[in-house]
Amino acid sequence: SDQQRWARIQAMAKGLQGFPPIEVYQIGEVYFVLDGNHRVSVARQLGAKYIEAYVTEIQTRVPLTPDIQPDDLSRKAEYAAFLVHTHLDELRPGCDLSMNLSGKYRLLEEQLEEHRYFMGVKQQREIPYNEAVMDWYDAIYRPMVQIIEHHEIVKKFPEYTLTDLYLWISEYRATMRQEGSNQLENVLADIQTQFHILPGVALDAMILDIEHVDFLAQTRIA
């Protein structure tokens, strides 16, 4: 049935009237066909460089470029939803929390909620969500990312982003604080599987640096 439909559209394209415009969504520099996939296929087969279209432009917080792969779209969508929820791109312009790992933004949102809770306990008041987001970014995320950059960890893991590595280290630290060697070994084994840890990574030194930053932030001793 598709072959017959394709043939009909090809005949229409070669006729005097041509075929009607397709309908597309434009997100950034990328176009998604809503109606007209067969017409696009025929146009490509005929070597056409242009095609008439009704274009609906969709605004998004995460830009898309023509070189994006289908597998990347779900991660971009997760990131866009995270920014819609947290407004981090507005609260901290220029921030980049993109990830190459799928399904991990929920862990960042859990961290934000936990950080907000402990801020409220410490300050004995209800903490507005935006205030907690900014404090988490400034006091937790950015210092750890700066340490990751200082230790040049990204060079050892070029397939991962700074936020990927931030989450990995967060899981490592949380596990170190939990009791039970069996659980520790299982979680670390999972982390090693995900990140293919290389022998050259000075993990202990990096963790100590991060703990030092936490200590200075908590005590304000400086």
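The structure this text deals with has already been given above.
What counts as what
Residues numbered from 1 in each chain as written. Predicted model: local features only at pLDDT ≥ 70, side-chain atom pairs only at ≥ 80, totals over all residues. Heavy atoms only, no water. Pairing = 2+ DSSP bridges. Helix = DSSP H or I, 4+ residues; strand = E, 2+ residues; numbered from the N terminus. Axes fitted to C-alpha atoms, helices over the stretch in contact; angles between N-to-C directions. Parallel < 35°, antiparallel > 145°, perpendicular 65-115°, else oblique. Left-handed = near helix turned anticlockwise from the far one by under 90°. Contact = heavy atoms within 4.5 Å. Nonpolar A, V, L, I, M, F, W, Y, C, P; charged D, E, K, R; others polar. Phe/Tyr/Trp six-rings, centres within 6.5 Å; stacked < 30°, edge-to-face > 60°. Buried < 20%, exposed > 50% of the residue type's maximum accessible area, 1.4 Å probe, protein only.

In this section: the pairing of strand β2 (residues 30-35). In this sheet, β2 lies alongside strand β1 (residues 22-27) in antiparallel orientation, the contact comprising five bridges. Pairing of Y25 across the sheet is with F32, part of β2. The turn joining β1 and β2, which pair antiparallel and follow one another in sequence, is formed by two residues; a positive phi near 65° is taken by G28.

The next thing to look at is the packing of helix α1 (residues 2-14) against helix α2 (residues 37-45). Orientation of α1 relative to α2, taken along the N-to-C sense of each, is 60°, at an axis distance of 9 Å. Our classification of the angle between α1 and α2 gives oblique. For the pair α1 and α2, the crossing hand works out as right-handed. Side by side, α1 and α2 meet where D2, R5, W6, I9, Q10 and A13 of the first sit next to H38, R39, S41, V42 and Q45 of the second. Considering only residue class, the contact of α1 with α2 consists of four nonpolar, four polar and three charged.

Look at helix α5 (residues 105-123) against helix α6 (residues 129-150): their axes get within 9 Å of each other, and the N-to-C directions meet at 100°. When the axis of α5 is compared with that of α6, the two are roughly perpendicular. Contacts from L108, Q111, L112, E113, H115, R116, M119 and Q123 in α5 reach Y129, E131, A132, V133, D135, W136 and I140 in α6. Its residues assigned to classes, the contact of α5 with α6 shows eight nonpolar, three polar and four charged.

Turning our eyes to something else, we now look at the packing of aromatic side chains. Going through the model one piece at a time under the given rule, you end up with eight aromatic pairs. Both rings, one in F82 and one in Y105, keep their centres 5.3 Å apart while their planes meet at 35°; by these two values the pair is tilted. In this pair, F82 sits in helix α3 (residues 70-86) while Y105 sits in helix α5, placing the two residues 23 residues apart along the sequence. Each member of the pair, F82 together with Y105, is buried.

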